[in-house]
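Listed below are the residues making up each chain.
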Amino acid sequence: MKKIIISVFLICLTLLAMLSTAGCGSKNTVSVKAYDSEHEKKSHEGYVAAQNDNWSLEWDQESFRVILRDKKNGDVYSNLPSELMETVVDEDGIEKRNNPQLENPLTVEYLDNKTLQIQYLYAYTASLKKGDYFFEEIENGFKITYYFEKISASVPISYRLEDDGINVSVDLNEITESCEKIYRITLMPFFASAKNEDQSSYLFVPSGSGALIYPYEWISGSSKSCSYPVYGDDLQYAQADGDETTNREPVRLPVFGSKNGDSAVCAVIDSGAELASIECNVGNSKFGYSTVYASFNVRGLSSWDSYSDDICDSTVSVSYYPLSGESANYVGIADKYREYLIKDGIKSGSDEKLLSLKIIGGTHTDEQFLGVPYRSLFTTTSLSDALEIIKDISEKTNEAPAVNLVGFGKSGIDVGKVSGNNAISNKFGDKTDCADLQNYCAEKNIPLYFDFDNTRFAKSGNGIIKLFDFAKTTVGTRALSYRTELGSNGGEIIKEYFVPRSKLVSISEKSVDSAQKLGFNGISFNVASSNVYSDYATRSTFCSGNYGKDFNEITDYCKKNSISFLADNANAYSVKNADILTSVPTSSDKNDLFSEDIPFYQIVFKGYVSMTSDPLNNCTDSNETILKSAESGIGLSYTLIKNFDETLITANQYFYNTSVYDDLSEEIEKNVADYGDYFNSVTGAKIIGHEILGDGLRKTVFDNGVTVFVNYSSYDVESTFGRVAAKSFMYSKEEAQ
């Protein structure tokens with residue numbers, strides 16, 4: 001009996017220890033700083049913290065507000081909408097109070113230790129109003145550490161004056177915690193806001209090509225919301241989908257903004273974009289304002305809702321740039337963002353291409369031998385086929401298209417050894433075939449790019465050992481994606497792994513070297529240029545952290561070795577050194593909240609980097625895609641194969657039946673001929689104006705004097721250039737009134 005009692009006692013002690021560890025985490029294994037319950041509190045009287053010729057950064061102690069003031073006209077910008085900053089009293093002389101959330105500079109989402117549910121704390125009520133904060137002066141600004149006694153945690157925010165705006169940043173390493181884990185933080189949630197009732201005001205969300213939200217369309221007693229991770233879903237958690245015919249468009253640019261009356265705000269996520277989501281709170285009548293803002297992951301969350309014990313090793317930062325006058329609109333926001341990119345060193349001056357071609361080499365399909373099923377690499381386009389296609393198009397259109405060879409590695413377009421083992425499969429041809437293709441393209445000045453998938457692998461090889469080299473999940477296991485092979489009846493599950501982030505740059509540099517050895521002077525990393533993924537082996541790569549930095553190292557290596565770079569479905573980080581952007585987004589995600597799609601992406605880059613549209617043959621409405629291309633003056637594109645067989649229905653991709661060149665040859669020739677004159681008239685030109693005129697009519701003005709009207713409606717519409725036929729466009733170099 002005594003032994004039983006002792007055993008029960010030991011079991012209880014063990015359970016208590018486990019519960020204790022589960023509750024607060026093992027602080028000797030993580031880097032999160034411990035919360036100091038005896039922390040010092042410090043306020044500061046209101047003052048001007050920093051100023052330049054045009055702006056001043058101020059602290060309003062009485063109202064706990066961070067204020068950016070325009071010294072020329074006195075306009076103020078803050079975490080509170082400017083119209084609400086004046087004191088207002090009711091009929092009894094009692095001061096009206098703003099909704100606390102409108103005053104709030106920081107929202108903290110944390111994991112409740114008891115319920116395991118996400119809860120929210122607001123710095124205005126949980127920290128500032130209680131006097132539980134520490135204020136300190138820093139160069140060009142000040143820093144406030146917000147303490148949250150309820151969860152024994154703190155978050156420090158630095159506010160710094162820039163030449164033409166304010167920068168708000170958090171070094172995540174300075175966050176302190178105790179038992180509850182902070183999951184996300186939101187900075188200055190109402191800095192980029194718009195009044196609900198004002199029909200000229202809107203929010204800008206960079207989903208796909210860009211979208212506007214008109215708050216007046218959504219006024220109600222509750223908020224409508226949307227959330228888009230910057231650069232799309234983490235590949236660790238994204239669902240595999242081989243269908244390229246889709247309307248789902250992620251956020252590819254880390255920028256957002258708002259127009260409120262005669263002023264606007266451009267907000268740029270200039271650090272930690274991979275950790276960010278761009279979110280909206282729309283139409284809530286209790287606020288009176290709608291807003292768009294950035295939230296940042298502090299720690300990782302797995303697909304099965306497991307949080308990382310440690311936090312990301314990163315600094316997150318947003319710079320807010322007020323705009324006024326003629327710049328107070330989405331074109332002005334695009335201009336400001338481009339200005340930021342130019343300072344960051346974006347490449348410019350590339351020759352613009354009327355046409356780009358993505359030619360698919362091969363994929364695995366179902367085969368049988370003596371009744372036994374197996375997978376075999378099917379050649380959709382050989383190297384000699386590719387040469388034939390390129391010659392035919394070049395001769396018929398008199399154009400030199402940009403050509404991207406995709407799926408010509410050892411495993412075709414499918415995942416095998418990383419980067420297709422940096423070699424061309426002999427199924428696609430030999431060295432002579434490759435040389436013939438390269439020589440023709442060089443002779444005709446046709447840019448030729450060879451694609452490598454440097455992010456995933458299913459087999460060891462090319463510097464990767466499957467047993468040891470893999471990106472990790474939040475709990476330290478291998479990050480996997482799965483695909484089913486041998487058709488719908490076979491069901492063989494194939495595991496695909498992610499290249500460890502510590503090897504991503506070196507693996508990619510090896511591919512650049514291999515491309516040169518194969519005779520190519522152009523390269524692409526189509527998966528890597530359009531996606532991000534995490535690796536929880538080290539804190540710097542939690543939540544996809546520093547992915548853009550890694551990718552810039554890769555493209556810098558291309559530049560160093562005089563290798564041209566093509567970026568397909570390009571996220572912002574892959575644009576910096578790109579010679580051409582293909583499959584650029586021409587629409588948004590079609591969220592119900594979105595009132596209008598706008599060509600924001602194209603306004604930013606037109607005239608600086610060559611761009612072509614989504615492949616016309618993979619779009620649900622190719623004519624509409626041509627109209628969208630005309631709206632911003634970008635080129636056209638196609639995805640092509642030479643050989644089609646019914647076994648391709650067992651492939652992992654679903655675009656082959658709409659990509660056969662023999663079926664598309666006449667269409668390509670016609671579209672290039674019909675579109676060519678207009679495209680040439682705006683080649684190299686920048687967009688300086690864009691308007692949504694109503695009745696499906698839109699107007700774009702280029703800096704070389706060309707104006708184009710695009711009519712998306714099903715009926716003719718009058719413009720200042722005359723009647724624009726339904727589903728067509730009209731352009732002229734005359735000044736449109």
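This one's a predicted model, so the numbers in the text were calculated from it and none came from an experiment. (Residues numbered from 1 in each chain as written. Predicted model: local features only at pLDDT ≥ 70, side-chain atom pairs only at ≥ 80, totals over all residues. Heavy atoms only, no water.)

Asks: Residue-level account of the side chain of Q602, with values.
Replies: With respect to the helices and strands, the residue Q602 is situated in helix α11 (residues 600–605). Q602 sits in the buried class, given a relative accessible area of 2%. (Helix = DSSP H or I, 4+ residues; strand = E, 2+ residues; numbered from the N terminus. Buried < 20%, exposed > 50% of the residue type's maximum accessible area, 1.4 Å probe, protein only.)

Asks: Tell me about the sheet that holds strand β37 (residues 687–694), and please be specific about residues and values.
Replies: Spatially, the four strands line up as an open sheet ordered β37-β38-β39-β42, and their pairing is antiparallel. One side of each edge strand has no neighbouring strand; the edge strands of this open sheet are β37 and β42 (728–732). The sheet shows a mean angle of 15° between the axes of neighbouring strands, taken without regard to direction. Here β37 runs beside strand β38 (residues 697–702); their pairing, made up of six bridges, is antiparallel. Paired with G689 across the strands is V701, a residue of β38. Helix α12 (residues 622–632) contacts β37, β38, β39 (707–711) and β42 of the sheet and is inclined by roughly 155° relative to β39. (Pairing = 2+ DSSP bridges. Axes fitted to C-alpha atoms, helices over the stretch in contact; angles between N-to-C directions. Contact = heavy atoms within 4.5 Å.)

Asks: So what about the packing of aromatic side chains? Which residues, and what values?
Replies: Taken as a whole and judged by the stated rule, the model has 38 aromatic pairs. Seen in terms of ring centroids, Y536 and F542 are 4.7 Å apart; in terms of plane orientation they differ by 45°. Their pairing is tilted. Ring pairs connect the aromatic residues Y231, F498, Y533, Y547, F551, F565 and Y573, which therefore count as one cluster. (Phe/Tyr/Trp six-rings, centres within 6.5 Å; stacked < 30°, edge-to-face > 60°.)

Asks: Describe the sheet that holds strand β4 (residues 65–70), listing the residues and the values that go with them.
Replies: A sheet is described by the order of its strands in space; here four strands give the open sequence β2-β3-β4-β5, paired in antiparallel fashion. Of all strands in the sheet, those bounded by a partner on one side alone are β2 (47–51) and β5 (76–78). For this sheet the average axis-to-axis angle between neighbouring strands, irrespective of direction, equals 30°. In this structure, β4 lies alongside β5, joined through three bridges in antiparallel fashion. For I67, the partnering residue across the bridge sits in β5 and is S78.

Asks: Give a detailed account of the nonpolar core, specifying residues and quantitative values.
Replies: Judged by nonpolar contacts, the single largest core of 188 residues is most densely connected at Y159, I185, Y320 and L581. Take this core: its biggest share by element is eight residues, from helix α13 (residues 661–682). (Core = buried A, V, L, I, M, F, W, Y, C linked by side-chain atoms within 4.5 Å.)

Asks: Account for helix α5 (residues 383–397), naming residues and giving values.
Replies: For α5, spanning 15 residues, the distance from its first C-alpha to its last is 21 Å, which sits close to the expected 21 Å at 1.5 Å a residue. Elements in contact with the buried residues of α5: β23 (355–360), β26 (402–406), α6 (431–443), β36 (636–640) and α13. One or two steps after α5, the chain reaches N398, where phi turns positive at roughly 60°. (Expected span 1.5 Å × (residues − 1).)

Asks: Summarise the environment of V155; cite the residues concerned and give the values.
Replies: Residue position: V155 is located in strand β10 (residues 153–162). Here V155 falls in the buried class, since its relative accessible area comes to 0%.

Asks: Tell me about the pairing of strand β20 (residues 276–282), residues and numbers included.
Replies: For β20, the tally of buried residues reaches seven of seven residues, placing the bulk of the element in the interior. Across the two faces of β20 the burial is the same, with A276, I278, C280 and V282 and S277, E279 and N281 all buried. Note that strand β17 (residues 224–229) and β20 share six bridges and pair antiparallel. Residue pairing in the sheet places Y228 in a bridge with I278 of β20. Here six bridges tie β20 to strand β21 (residues 289–297), and the two strands are oriented antiparallel to one another. Bridge pairing links S277 to S295 in β21. Between the antiparallel neighbours β20 and β21 lie six residues, among them G283 with a positive phi of about 80°.

Asks: Can you tell me about the pattern of salt bridges, naming the residues and giving the values?
Replies: Tallied over the full model, the rule gives 27 salt bridges. Between D309 and K181 there is a salt bridge; the shortest N-O distance is 2.7 Å. Separated by 128 residues along the polypeptide, D309 in the loop between β21 and β22 (315–324) and K181 in strand β13 (residues 181–187) bring together distant segments of the chain. Given the relative accessible area of 43%, D309 is considered partly exposed. Given the relative accessible area of 17%, K181 is considered buried. One salt bridge connects E596 with R698, and the closest N-O pair in it is separated by 3.1 Å. Remark: R698 occurs in strand β38 and E596 occurs in strand β34 (residues 596–597); sequence separation between them is 102 residues. A relative accessible area of 10% places R698 in the buried class. (Salt bridge = Lys/Arg side-chain N within 4 Å of Asp/Glu carboxyl O.)

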